[in-house]
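# What the coordinates show
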Amino acid sequence: QVQLVESGGGLVQPGGSLRLSCGASGSIFSINVMGWYRQAPGSQRELVAEITSGGNTNYADSVKGRFTISRDNAKNTVYLQMNRLQPEDTAVYYCRAIMKSHFQARSREYWGQGTQVTVSS
């Protein structure tokens, strides 16, 4: 069984920082893309940032220059450093990965359970 587990959410004041982590565990054969999505109340889930196994990154325009995604391939972990947080960043943040386990013929999409990020004074 393969799963993603997130950590690092919480309450922070505007202008503050948080770091999210997401670790993949189980019988993992390979991990391609890892990324972060978020969903605010009443809104659709949207891409925040993603990173390939080779280190290529893609960011939503709204977070460019404030958020940084990185990954440790040896630990099967992806991070999201969030700086200069604003109230509009408040959402549940979900980790997503395209992974192949030892028991699957093809890669498939996996999601974490989500972690709440609240930016408020």
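Here goes a summary of the coordinates provided. Predicted model only: the values in this text are computed from it and were never measured.

Assigned secondary structure in the protein consists of zero helices and 11 strands. Against the compact-globule benchmark of 14 Å for 121 residues, the protein has a radius of gyration of 14 Å, which places it among compact chains. With the C-alpha coordinates aligned to their principal axes, the bounding extent of the protein is approximately 45 × 25 × 20 Å. Looking at charge distribution, the protein has the averaged site of its 12 positive side-chain charges lying 7 Å from that of its 8 negative ones.

Let us now look at the nonpolar core. In terms of nonpolar packing, the biggest core is built from 31 residues, with Trp-36, Leu-80, Met-82, Tyr-93 and Met-99 touching the most fellow members. Within the residue set of this core, elements represented by two or more residues are strand 3 (18-25), strand 4 (28-39), strand 5 (46-51), strand 7 (67-72), strand 8 (77-82), strand 9 (91-101) and strand 11 (115-119).

Relative to the helices and strands, Gly-23 is located in strand 3. On the accessibility criterion, Gly-23 (23% relative accessible area) is partly exposed.

Now for the packing of aromatic side chains. Taken as a whole, this structure holds one aromatic pair when the rule is applied. Here Tyr-37 and Trp-111 contribute two aromatic rings whose centre-to-centre distance is 5.1 Å and whose plane-to-plane angle is 70 degrees, an arrangement assigned as edge-to-face. Of this pair, Tyr-37 sits in strand 4 while Trp-111 sits in strand 10 (residues 108-111), placing them 74 residues apart in sequence. Take Tyr-37: its relative accessible area is 17%, and that puts it in the buried class. On the basis of relative accessible area, Trp-111 is assigned to the partly exposed category, the value being 31%. Taking NZ or CZ as reference, Lys-100 lies 4.6 Å from the ring centre of Phe-29, over its face.

This part covers the pattern of salt bridges. Between side chains of opposite charge, a pair can form when the charged atoms approach closely. One pass over the full model with this rule turns up five salt bridges. Close ionic contact of Asp-61 with Lys-64 constitutes a salt bridge, the shortest N to O distance being 3.1 Å. Across the salt bridge formed by Arg-66 and Asp-89, the nearest N and O atoms sit 2.8 Å from each other. Placement of the pair is Arg-66 in the loop between strand 6 (57-59) and strand 7 and Asp-89 in the loop between strand 8 and strand 9, with a sequence separation of 23 residues. On the basis of relative accessibility, which here comes to 0%, the residue Asp-89 falls in the buried class. Through salt bridges with shared partners, a single network forms among Arg-38, Glu-46, Arg-66 and Asp-89.

A few words now on the sheet that holds strand 1 (residues 3-7). On the basis of which strands lie adjacent, the open sheet formed by four strands has the order 1-3-8-7 and antiparallel pairing. Lying at the two open borders of the sheet, with one neighbouring strand each, are strand 1 and strand 7. Averaged over all adjacent pairs, the angle separating strand axes in this sheet is 15 degrees, with direction ignored. Bridging between strand 7 and strand 8 involves six bridges; their strand directions are antiparallel. Following the sheet pairing, Phe-67 is matched in strand 8 by Met-82.

Conventions adopted
- Residues numbered from 1 in each chain as written.
- Predicted model: local features only at pLDDT ≥ 70, side-chain atom pairs only at ≥ 80, totals over all residues.
- Heavy atoms only, no water.
- Helix = DSSP H or I, 4+ residues; strand = E, 2+ residues; numbered from the N terminus.
- Rg over C-alpha atoms; globule rule 2.2 N^0.38 Å.
- Lys, Arg positive; Asp, Glu negative; His and termini not counted.
- Charge placed at Lys NZ, Arg CZ, Asp CG, Glu CD.
- Core = buried A, V, L, I, M, F, W, Y, C linked by side-chain atoms within 4.5 Å.
- Buried < 20%, exposed > 50% of the residue type's maximum accessible area, 1.4 Å probe, protein only.
- Phe/Tyr/Trp six-rings, centres within 6.5 Å; stacked < 30°, edge-to-face > 60°.
- Lys NZ or Arg CZ within 6 Å of the ring centre and 35° of its normal.
- Salt bridge = Lys/Arg side-chain N within 4 Å of Asp/Glu carboxyl O.
- Pairing = 2+ DSSP bridges.
- Axes fitted to C-alpha atoms, helices over the stretch in contact; angles between N-to-C directions.

On their own, these measurements won't tell you what the molecule is for.
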